[in-house]
Amino acid sequence: MRPVPHTTSLRRAPVQRRSAERLTRILDACADLLDEVGYDALSTRAVALRAGVPIGSVYRFFGNKRAMADALAQRNLERYTERVTERLKETGEGGWRAAVDAVLDEYLAMKRTAPGFSLVDFGNQIPIGSGHAEPNTRVADRLTDLLSGYLAREPDEDLRRVFLIAVETADALVHLAFRVAPEGDEKVIGETRELLRAYLARVLD
């Protein structure tokens, strides 16, 4: 069982293993129900029923479904970071283009397979927090910290701005690809990949 990150949306962080397992079941149920009924029809009561826990257990961790979706988004980001990290180990000395491919490929894989991801992903579809905590900023900051070591670059403000622009661009185009085709239009994805490479080349080459 993977640990659930302690997010600001949690009323109380799990301490014991049993409590952490219950939180995992709640978030898993939330993700499944998002795919089945959507965010508007999602309810804490339905999540509790699906997870097989008392409704009080849900409210122990979350004040409302928005907080629950935020925690799911944070868990998605943690799992995405893990997947990209593993891919980077496989690419070895493949250079920044291989790293960018890993970042995009793992995002596409989660978009296609992770329960609830199409609605919540890293929080993009559900407004959360203040401006500095916007989902794409969180993703860009995480990728900057992760990739700067791989690329032997200083994670300064210039690099963070470049990665934020790349993340914002990729996010918009990937959403377009999935509007065009359920599994993501390959031509749009291909153009996205080329656009990212062209933009990043002037900074990373």
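Placed above this text is the structure.
Each value, and the rule that gives it
- Along each chain, the written sequence defines residue order, and numbers are assigned to residues from 1.
- Confidence filtering applies because this is a predicted model: local features only for residues at pLDDT of at least 70, side-chain atom pairs given and counted only at 80 or more, and all residues used for totals across whole chains, interfaces and linings.
- Neither water nor hydrogens contribute to the side-chain values; these are computed over all heavy atoms in the structure.
- Put simply, DSSP marks the helices as runs of H or I at least four residues long and the strands as runs of E at least two long, and each gets a number from the N terminus on.
- Residue exposure (1.4 Å probe, protein chains only): buried if accessible area is under 20% of the type maximum, exposed if over 50%, otherwise partly exposed.
- What makes two residues a contact is simply this: any of their non-hydrogen atoms within 4.5 Å.
- Accessible surface area values rest on a Shrake-Rupley calculation with a 1.4 Å probe, where residue burial reflects the displayed protein chains alone.
- For our purposes a nonpolar core is just a set of buried Ala, Val, Leu, Ile, Met, Phe, Trp, Tyr and Cys residues, chained together by side-chain atoms within 4.5 Å.

1. Thoughts on the overall build of the chain
The number of helices and strands found in the chain is nine helices and zero strands. Element order for the chain, N to C, with α for helix and β for strand: α-α-α-α-α-α-α-α-α. The 205 residues of the chain split such that 47% are buried. Counting only contacts in the chain whose residues sit at least 6 apart along the sequence, the fraction spanning at least 24 positions is 66%. Surface accessibility of the chain: about 10,500 Å² in total, with carbon and sulfur atoms responsible for 51%.

2. Quick word on the environment of Leu204
Locating Leu204 in the fold gives a position in helix α9 (residues 186–204). Among the residues examined, Leu204 registers a relative accessible area of 14% and is labelled buried. Expressed as a C-alpha distance, the spacing of Leu204 and Trp96, which sit 108 residues apart in the sequence, is 7.2 Å. With residues near it in sequence (within four places) discarded, Leu204 still touches Trp96, Leu151, Arg153 and Leu159.

3. Structural notes on the nonpolar core
Grouped together as the largest cluster of nonpolar side chains are 38 residues, with contacts concentrated most on Tyr80, Trp96, Phe122, Leu143, Leu147, Leu200 and Leu204. Within the residue set of this core, elements represented by two or more residues are α4 (65–91), α5 (95–113), α7 (135–151), α8 (157–180) and α9. Dropping the residues within four chain positions of it, Leu143 is found in contact with Tyr80, Val103, Ser148 and Val167.

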